[in-house]
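# Fold and geometry: a report
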Amino acid sequence: MEWSGVGRRITEVGSEELLDAMFGHRPRLVASALGPPPPAMVERARRAGMLVAGLAGTVGHAREHARAGADIIVAQGTEAAGHTGTIGTMTLVPEVVEAMAPLPVLAAGGIVTGRQVAAALALGAQGAWMGSIWLTSQEGEPHDALKDRLLDAQSTDTVRSRCLTGKPARQLRSAWTEAWEHPEAPEPLPMPLQIVLLEEAHERIERGIRQGHPGARELMHYPVGQGVGMMRERRSVAQIMARLADELHSALRVSVS
Ligand SMILES: Cc1cc2nc3c(=O)[nH]c(=O)nc-3n(C[C@H](O)[C@H](O)[C@H](O)COP(=O)(O)O)c2cc1C
(Lines give C-alpha, C1' and ligand atoms only; values in the text may rest on other atoms or scores of the structure.)
Protein backbone atom coordinates (compact mmCIF):
# COMPACT_ATOMS: atom_id res chain seq x y z
CA MET A 1 0.00 0.00 0.00
CA GLU A 2 1.36 3.48 -0.92
CA TRP A 3 0.97 5.87 2.00
CA SER A 4 1.50 9.58 1.88
CA GLY A 5 1.60 12.27 4.59
CA VAL A 6 1.79 11.21 8.22
CA GLY A 7 0.95 7.62 7.24
CA ARG A 8 4.13 7.38 5.17
CA ARG A 9 6.27 8.98 7.90
CA ILE A 10 5.43 6.21 10.35
CA THR A 11 6.63 3.45 8.02
CA GLU A 12 10.27 2.29 8.19
CA VAL A 13 11.08 3.98 4.86
CA GLY A 14 9.24 7.15 5.87
CA SER A 15 11.04 7.45 9.20
CA GLU A 16 14.40 6.99 7.42
CA GLU A 17 13.48 9.93 5.20
CA LEU A 18 12.66 12.01 8.28
CA LEU A 19 15.96 11.09 9.95
CA ASP A 20 17.86 12.03 6.74
CA ALA A 21 16.10 15.41 6.70
CA MET A 22 16.82 15.96 10.41
CA PHE A 23 20.55 15.02 10.15
CA GLY A 24 20.74 17.27 7.04
CA HIS A 25 19.98 20.29 9.25
CA ARG A 26 22.96 19.37 11.49
CA PRO A 27 21.23 20.13 14.84
CA ARG A 28 23.25 19.97 18.07
CA LEU A 29 20.86 17.46 19.66
CA VAL A 30 18.44 14.74 18.66
CA ALA A 31 15.78 13.47 21.09
CA SER A 32 13.97 10.16 21.16
CA ALA A 33 10.56 9.66 22.74
CA LEU A 34 8.23 6.63 22.92
CA GLY A 35 11.16 4.31 23.44
CA PRO A 36 14.95 4.40 23.57
CA PRO A 37 16.90 5.83 20.63
CA PRO A 38 17.59 3.11 18.02
CA PRO A 39 21.29 2.05 17.77
CA ALA A 40 21.64 3.30 14.15
CA MET A 41 20.41 6.76 15.20
CA VAL A 42 22.79 6.94 18.17
CA GLU A 43 25.71 5.87 15.96
CA ARG A 44 24.84 8.45 13.31
CA ALA A 45 24.48 11.16 15.96
CA ARG A 46 27.89 10.26 17.44
CA ARG A 47 29.54 10.44 13.98
CA ALA A 48 27.93 13.87 13.45
CA GLY A 49 29.09 15.08 16.90
CA MET A 50 25.51 15.47 18.11
CA LEU A 51 24.11 14.82 21.56
CA VAL A 52 21.27 12.33 22.09
CA ALA A 53 18.42 12.93 24.57
CA GLY A 54 15.66 10.56 25.65
CA LEU A 55 12.22 11.54 26.99
CA ALA A 56 11.28 9.55 30.09
CA GLY A 57 7.98 9.36 31.99
CA THR A 58 9.37 6.90 34.55
CA VAL A 59 12.77 5.96 36.02
CA GLY A 60 12.52 2.73 34.00
CA HIS A 61 12.29 4.70 30.74
CA ALA A 62 15.27 6.80 31.83
CA ARG A 63 17.36 3.66 32.44
CA GLU A 64 16.43 2.30 28.99
CA HIS A 65 17.51 5.57 27.36
CA ALA A 66 20.81 5.51 29.26
CA ARG A 67 21.48 1.89 28.23
CA ALA A 68 20.82 2.87 24.60
CA GLY A 69 23.44 5.63 24.85
CA ALA A 70 21.47 8.82 25.64
CA ASP A 71 23.65 11.70 26.87
CA ILE A 72 20.74 13.61 28.43
CA ILE A 73 17.48 12.47 30.04
CA VAL A 74 14.36 14.60 29.75
CA ALA A 75 12.19 13.73 32.77
CA GLN A 76 8.72 14.61 31.50
CA GLY A 77 5.76 14.72 33.85
CA THR A 78 2.14 14.02 32.98
CA GLU A 79 1.39 17.76 32.62
CA ALA A 80 3.21 17.80 29.26
CA ALA A 81 1.78 18.12 25.76
CA GLY A 82 1.78 15.04 23.58
CA HIS A 83 2.68 11.51 24.67
CA THR A 84 2.99 11.55 28.39
CA GLY A 85 2.78 9.25 31.38
CA THR A 86 0.91 9.55 34.67
CA ILE A 87 3.55 10.84 37.12
CA GLY A 88 3.67 14.58 37.84
CA THR A 89 6.77 16.65 37.07
CA MET A 90 7.30 17.54 40.76
CA THR A 91 7.61 13.85 41.67
CA LEU A 92 9.33 12.55 38.55
CA VAL A 93 12.20 15.04 38.18
CA PRO A 94 13.97 14.46 41.54
CA GLU A 95 13.34 10.72 41.20
CA VAL A 96 15.04 10.59 37.79
CA VAL A 97 17.83 12.99 38.87
CA GLU A 98 18.67 10.73 41.81
CA ALA A 99 18.44 7.46 39.86
CA MET A 100 20.43 8.65 36.81
CA ALA A 101 23.23 10.73 38.41
CA PRO A 102 25.67 11.83 37.02
CA LEU A 103 23.71 11.91 33.73
CA PRO A 104 22.29 15.41 33.13
CA VAL A 105 18.50 15.67 33.42
CA LEU A 106 16.18 18.30 31.95
CA ALA A 107 12.74 18.82 33.50
CA ALA A 108 9.63 18.90 31.30
CA GLY A 109 5.87 19.00 31.68
CA GLY A 110 3.82 22.10 32.42
CA ILE A 111 6.78 24.52 32.50
CA VAL A 112 5.85 27.91 31.05
CA THR A 113 7.35 30.44 33.50
CA GLY A 114 10.80 31.32 34.79
CA ARG A 115 9.69 30.52 38.33
CA GLN A 116 9.03 26.95 37.20
CA VAL A 117 12.48 26.82 35.57
CA ALA A 118 13.93 27.87 38.94
CA ALA A 119 11.88 25.09 40.57
CA ALA A 120 13.28 22.60 38.02
CA LEU A 121 16.83 23.65 38.99
CA ALA A 122 15.92 23.27 42.67
CA LEU A 123 14.71 19.73 41.93
CA GLY A 124 18.17 18.89 40.58
CA ALA A 125 17.56 19.31 36.85
CA GLN A 126 20.15 21.10 34.73
CA GLY A 127 17.46 23.00 32.83
CA ALA A 128 13.97 22.87 31.39
CA TRP A 129 12.56 21.43 28.16
CA MET A 130 9.46 23.24 26.92
CA GLY A 131 7.00 22.62 24.13
CA SER A 132 3.56 24.14 24.76
CA ILE A 133 4.89 27.61 25.50
CA TRP A 134 5.92 28.12 21.85
CA LEU A 135 2.48 27.35 20.41
CA THR A 136 1.04 30.81 21.11
CA SER A 137 4.20 32.66 20.11
CA GLN A 138 3.94 34.94 17.08
CA GLU A 139 6.19 32.46 15.27
CA GLY A 140 4.19 29.40 16.44
CA GLU A 141 2.73 27.10 13.77
CA PRO A 142 -0.97 26.92 14.84
CA HIS A 143 -3.64 28.88 13.01
CA ASP A 144 -4.65 32.18 14.69
CA ALA A 145 -8.04 30.70 15.64
CA LEU A 146 -6.30 27.92 17.54
CA LYS A 147 -3.85 30.33 19.17
CA ASP A 148 -6.83 32.37 20.45
CA ARG A 149 -8.40 29.21 21.83
CA LEU A 150 -5.16 28.26 23.58
CA LEU A 151 -4.79 31.75 25.05
CA ASP A 152 -8.32 31.44 26.52
CA ALA A 153 -7.81 27.89 27.82
CA GLN A 154 -7.44 26.98 31.51
CA SER A 155 -5.15 24.30 32.92
CA THR A 156 -8.26 22.07 33.18
CA ASP A 157 -8.88 22.29 29.41
CA THR A 158 -6.52 19.49 28.41
CA VAL A 159 -7.17 15.77 28.30
CA ARG A 160 -4.82 12.77 28.12
CA SER A 161 -6.39 10.51 25.53
CA ARG A 162 -5.51 7.81 23.04
CA CYS A 163 -7.70 9.45 20.39
CA LEU A 164 -4.87 11.37 18.72
CA THR A 165 -2.33 8.64 18.00
CA GLY A 166 -3.44 5.44 19.72
CA LYS A 167 -1.13 6.09 22.71
CA PRO A 168 -2.05 8.40 25.62
CA ALA A 169 -1.28 11.98 24.54
CA ARG A 170 -2.24 15.24 26.24
CA GLN A 171 -4.18 17.64 24.03
CA LEU A 172 -6.68 20.48 24.05
CA ARG A 173 -10.16 19.33 25.09
CA SER A 174 -12.71 19.93 22.31
CA ALA A 175 -15.84 18.51 20.69
CA TRP A 176 -13.45 16.05 19.00
CA THR A 177 -11.93 14.67 22.22
CA GLU A 178 -15.37 14.67 23.90
CA ALA A 179 -16.77 12.55 21.07
CA TRP A 180 -13.98 9.99 21.47
CA GLU A 181 -14.63 9.89 25.22
CA HIS A 182 -18.36 9.22 24.75
CA PRO A 183 -19.34 5.84 26.31
CA GLU A 184 -20.59 4.63 22.90
CA ALA A 185 -17.49 5.76 21.00
CA PRO A 186 -15.23 3.02 19.60
CA GLU A 187 -11.87 2.37 21.27
CA PRO A 188 -9.06 4.18 19.47
CA LEU A 189 -6.92 1.84 17.35
CA PRO A 190 -3.40 1.01 18.51
CA MET A 191 -0.58 3.22 17.26
CA PRO A 192 0.17 3.69 14.33
CA LEU A 193 -3.26 2.68 12.96
CA GLN A 194 -5.13 5.48 14.74
CA ILE A 195 -2.82 8.03 13.08
CA VAL A 196 -3.47 6.54 9.64
CA LEU A 197 -7.22 6.32 10.32
CA LEU A 198 -7.49 9.99 11.28
CA GLU A 199 -5.20 11.54 8.72
CA GLU A 200 -7.94 12.54 6.30
CA ALA A 201 -10.28 13.77 9.05
CA HIS A 202 -7.49 15.94 10.49
CA GLU A 203 -6.83 17.43 7.06
CA ARG A 204 -10.53 18.23 6.63
CA ILE A 205 -10.76 19.84 10.08
CA GLU A 206 -7.64 21.93 9.37
CA ARG A 207 -9.02 23.05 6.01
CA GLY A 208 -12.31 24.01 7.70
CA ILE A 209 -10.44 26.02 10.36
CA ARG A 210 -8.51 27.92 7.66
CA GLN A 211 -11.80 28.64 5.86
CA GLY A 212 -13.40 29.89 9.11
CA HIS A 213 -15.98 27.08 9.34
CA PRO A 214 -17.49 27.25 12.87
CA GLY A 215 -18.04 23.47 13.04
CA ALA A 216 -14.36 22.86 12.29
CA ARG A 217 -13.38 25.32 15.01
CA GLU A 218 -15.41 23.34 17.56
CA LEU A 219 -13.41 20.26 16.57
CA MET A 220 -10.01 21.96 16.93
CA HIS A 221 -7.69 19.80 18.98
CA TYR A 222 -3.94 19.97 19.29
CA PRO A 223 -1.22 18.65 21.60
CA VAL A 224 -0.85 21.07 24.52
CA GLY A 225 0.13 20.69 28.16
CA GLN A 226 -1.50 21.88 31.38
CA GLY A 227 0.76 24.95 31.33
CA VAL A 228 -1.70 26.32 28.75
CA GLY A 229 -3.59 27.91 31.66
CA MET A 230 -0.70 30.34 32.16
CA MET A 231 -0.18 31.11 28.46
CA ARG A 232 -1.98 34.44 28.31
CA GLU A 233 -0.38 36.63 25.64
CA ARG A 234 0.78 36.31 22.08
CA ARG A 235 4.47 37.27 22.21
CA SER A 236 7.51 36.75 20.02
CA VAL A 237 9.94 33.96 20.90
CA ALA A 238 12.51 36.65 21.81
CA GLN A 239 10.02 38.24 24.27
CA ILE A 240 9.16 34.85 25.75
CA MET A 241 12.86 34.07 26.27
CA ALA A 242 13.49 37.51 27.83
CA ARG A 243 10.56 37.08 30.24
CA LEU A 244 11.65 33.55 31.20
CA ALA A 245 15.17 34.88 31.97
CA ASP A 246 13.78 37.79 34.06
CA GLU A 247 11.43 35.55 36.03
CA LEU A 248 14.18 32.98 36.58
CA HIS A 249 16.61 35.61 37.85
CA SER A 250 14.03 37.10 40.25
CA ALA A 251 13.10 33.65 41.57
CA LEU A 252 16.74 32.73 42.12
CA ARG A 253 17.43 36.09 43.85
CA VAL A 254 14.52 35.48 46.24
CA SER A 255 15.65 31.94 46.98
CA VAL A 256 19.21 32.98 47.99
CA SER A 257 18.26 36.16 49.94
C1 LIG B 1 2.34 20.65 19.23
C2 LIG B 1 3.30 19.71 19.92
C3 LIG B 1 3.74 18.60 19.22
C4 LIG B 1 4.64 17.71 19.85
N5 LIG B 1 5.08 16.64 19.15
C6 LIG B 1 6.00 15.84 19.70
C7 LIG B 1 6.55 14.76 18.96
O8 LIG B 1 6.21 14.54 17.79
N9 LIG B 1 7.47 13.97 19.57
C10 LIG B 1 7.87 14.20 20.87
O11 LIG B 1 8.72 13.47 21.38
N12 LIG B 1 7.34 15.19 21.60
C13 LIG B 1 6.44 16.02 21.04
N14 LIG B 1 5.93 17.05 21.77
C15 LIG B 1 6.31 17.19 23.20
C16 LIG B 1 7.44 18.21 23.38
O17 LIG B 1 8.59 17.81 22.69
C18 LIG B 1 7.78 18.37 24.85
O19 LIG B 1 8.36 17.19 25.34
C20 LIG B 1 6.59 18.77 25.70
O21 LIG B 1 5.82 19.73 24.99
C22 LIG B 1 7.06 19.38 27.02
O23 LIG B 1 5.98 19.64 27.88
P24 LIG B 1 5.15 21.02 27.86
O25 LIG B 1 4.31 20.97 26.64
O26 LIG B 1 4.35 21.00 29.11
O27 LIG B 1 6.15 22.15 27.80
C28 LIG B 1 5.04 17.94 21.19
C29 LIG B 1 4.59 19.07 21.87
C30 LIG B 1 3.71 19.96 21.26
C31 LIG B 1 3.23 21.17 22.03
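Whatever comes next refers back to the structure up there.
Figured I'd write up the structure that's included with this text. None of the values given here were measured: they were computed from a predicted structure.

This part is about the site of the ligand. Contacts to the ligand come from 14 residues, most closely from Gln76, Gly110, Trp129, Gly131 and Ser132. Taking tryptophan 129, its side chain carries an N or O atom lying 3.0 Å from an oxygen atom of the ligand. For the ligand, an oxygen atom lies 2.9 Å from a polar atom in the backbone of glycine 131. Coverage of the ligand by the protein chains reaches 69% of its 610 Å² of free accessible surface. Taken together, the residues that form the shell around the ligand break down as nine nonpolar, five polar and no charged.

Helix H5 (residues 89-100) packs onto helix H4 (residues 59-68) with a crossing angle of 40° between their chain directions and a minimal axis gap of 10 Å. Looking at the two axes, H4 sits oblique to H5. Judged by the twist between their axes, the crossing of H4 over H5 is right-handed. Of the residues in H5, those touching H4 at Val59, Ala62, Arg63 and Ala66 are Glu95, Val96, Ala99 and Met100. Of the residues in the contact of H4 with H5, the class split is six nonpolar, no polar and two charged.

To describe two helices that pack against each other, one gives the angle between their axes and the distance between the axes. At a closest axis distance of 12 Å, the pairing of helix H2 (residues 12-24) and helix H3 (residues 39-47) adopts a crossing angle of 15°. The angle between H2 and H3 falls in the class roughly parallel. Like other packed secondary-structure pairs, H2 and H3 cross with a definite hand, here right-handed. Contacts from Glu16, Leu19, Asp20 and Phe23 of H2 reach H3 at Met41, Arg44 and Ala45.

The rules behind these values
- Residues numbered from 1 in each chain as written.
- Predicted model: local features only at pLDDT ≥ 70, side-chain atom pairs only at ≥ 80, totals over all residues.
- Heavy atoms only, no water.
- Near = heavy atom within 4 Å.
- Polar contact = N/O pair within 3.5 Å; in protein donor to acceptor, adjacent residues only side chain to side chain.
- Areas by Shrake-Rupley, 256 points an atom, 1.4 Å probe, with all protein chains shown as cover.
- Nonpolar A, V, L, I, M, F, W, Y, C, P; charged D, E, K, R; others polar.
- Axes fitted to C-alpha atoms, helices over the stretch in contact; angles between N-to-C directions.
- Helix = DSSP H or I, 4+ residues; strand = E, 2+ residues; numbered from the N terminus.
- Parallel < 35°, antiparallel > 145°, perpendicular 65-115°, else oblique.
- Left-handed = near helix turned anticlockwise from the far one by under 90°.
- Contact = heavy atoms within 4.5 Å.

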